[in-house]
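Next come the chains, spelled out residue by residue.
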Amino acid sequence: MPEPLDFGGQTPPIDPPTGCNSPLVWRLARRLYADHQPGPDGWCLSCRPAIVYPCMARRLADLGLATAMGSASAGPRPANKGHHW
Ligand SMILES: [Zn+2]
């Protein structure tokens, strides 16, 4: 599992940074990141009632940002079980 990128407490940029391997994945993950921010009480504003934070969508956003930058392996791809998307 890729580790979340460290932005030094800053919000990740909307546009893919230099060296981004997958700008589309970056933009999708960045949008998800923006939509799943904690509110004043620390719980996700989009996933109420919340159980945990970061919520699943925010964790996927963090994973997507890291994957777009190629900073870590996403691990083995799941076997295709006959899905045709
Ligand atoms: Zn959320």
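I will try to describe carefully the structure that is included in this document. Given the structure is predicted, the values throughout are model-derived calculations rather than measurements.

Helix and strand content of the protein: two helices and zero strands. A buried classification covers 22% of the 85 residues belonging to the protein.

Take the pattern of salt bridges next. Considering all chains together, one arrives at four salt bridges under this definition. As a salt-bridge pair, Arg48 and Asp41 come within 3.1 Å of each other at their nearest N and O atoms. On the basis of relative accessible area, Arg48 is assigned to the partly exposed category, the value being 44%. According to the relative accessible area criterion, Asp41 is partly exposed, its value standing at 44%.

It is worth spelling out the nonpolar core at this point. Cys20, Trp26, Ala29, Tyr33, Ala61, Leu65 and Ala68 together form the largest nonpolar core, which totals seven residues. Counting residues per element, the ones that place at least two in this core are helix 1 (23-35) and helix 2 (56-68). With residues up to four places along the chain from it excluded, the contact list for Leu65 reads Leu5, Phe7, Pro12, Trp26, Ala29, Arg30 and Tyr33.

Bringing unusual backbone geometry into the picture now. Cis geometry marks the peptide bond from Tyr53 to Pro54, where omega comes out at 5 degrees. Relative to the assigned elements, Pro54 resides in the loop between helix 1 and helix 2.

Let us now look at the environment of Asp41. Considering the arrangement of structural elements, one finds Asp41 in the loop between helix 1 and helix 2. Polar contacts involving the side chain of Asp41 include one to the main-chain amide nitrogen of Trp43, which spans 3.1 Å.

The subject of this paragraph is the coordination of the zinc ion. Within the first shell, the zinc ion binds the protein through His36 (ND1), Cys44 (SG), Cys47 (SG) and Cys55 (SG), at distances of 2.1 to 2.4 Å. Between the four donor atoms coordinating the zinc ion, the angles at the centre fall across 95 to 119 degrees, so the site counts as tetrahedral. Sequence positions of the donors to the zinc ion reduce to the motif H-x7-C-x2-C-x7-C. On the criterion of sequence distance, the pair formed by Cys44 in the loop between helix 1 and helix 2 and Cys55 in the loop between helix 1 and helix 2 is long-range, its members being 11 residues apart.

Thresholds, definitions, all that
The numbers attached to residues start from 1 for each chain and follow its sequence in the written order. In keeping with the predicted nature of the model, local features appear solely for residues at pLDDT of at least 70, side-chain atom pairs appear and are counted solely at 80 or more, and the whole-chain, interface and lining totals rest on all residues. Each side-chain value is worked out from all heavy atoms of the structure, with water and hydrogens disregarded. Numbering of helices and strands starts at the N terminus; helices are DSSP runs of H or I of at least 4 residues and strands are runs of E of at least 2. Only protein chains enter the accessibility calculation, which uses a 1.4 Å probe; a residue is then buried when its area is under 20% of its type maximum, exposed when over 50%, and partly exposed in between. What makes a salt bridge here is a side-chain nitrogen of Lys or Arg within 4 Å of a carboxyl oxygen of Asp or Glu, nothing more. Take the buried Ala, Val, Leu, Ile, Met, Phe, Trp, Tyr and Cys residues and link them wherever side-chain atoms come within 4.5 Å; each set so joined is a nonpolar core. Throughout, a contact is declared for two residues whenever any of their heavy atoms are within 4.5 Å. Any pair of nitrogen or oxygen atoms within 3.5 Å is treated as a polar contact; in protein, a donor-acceptor pairing is required on top of that, and neighbouring residues in sequence qualify only through side-chain atoms on both sides. Here a donor is any nitrogen, oxygen or sulfur atom (N, O, S) within 2.8 Å of the metal, with 3.2 Å used for Na, K and Ca; water is not among the atoms considered, so some sites may look incomplete. Here a site with four donors is tetrahedral if all angles are between 85 and 135 degrees, and a site with four or six donors is square planar or octahedral if opposite donors are over 155 degrees apart and the other angles are between 65 and 115; anything else gets the irregular label.

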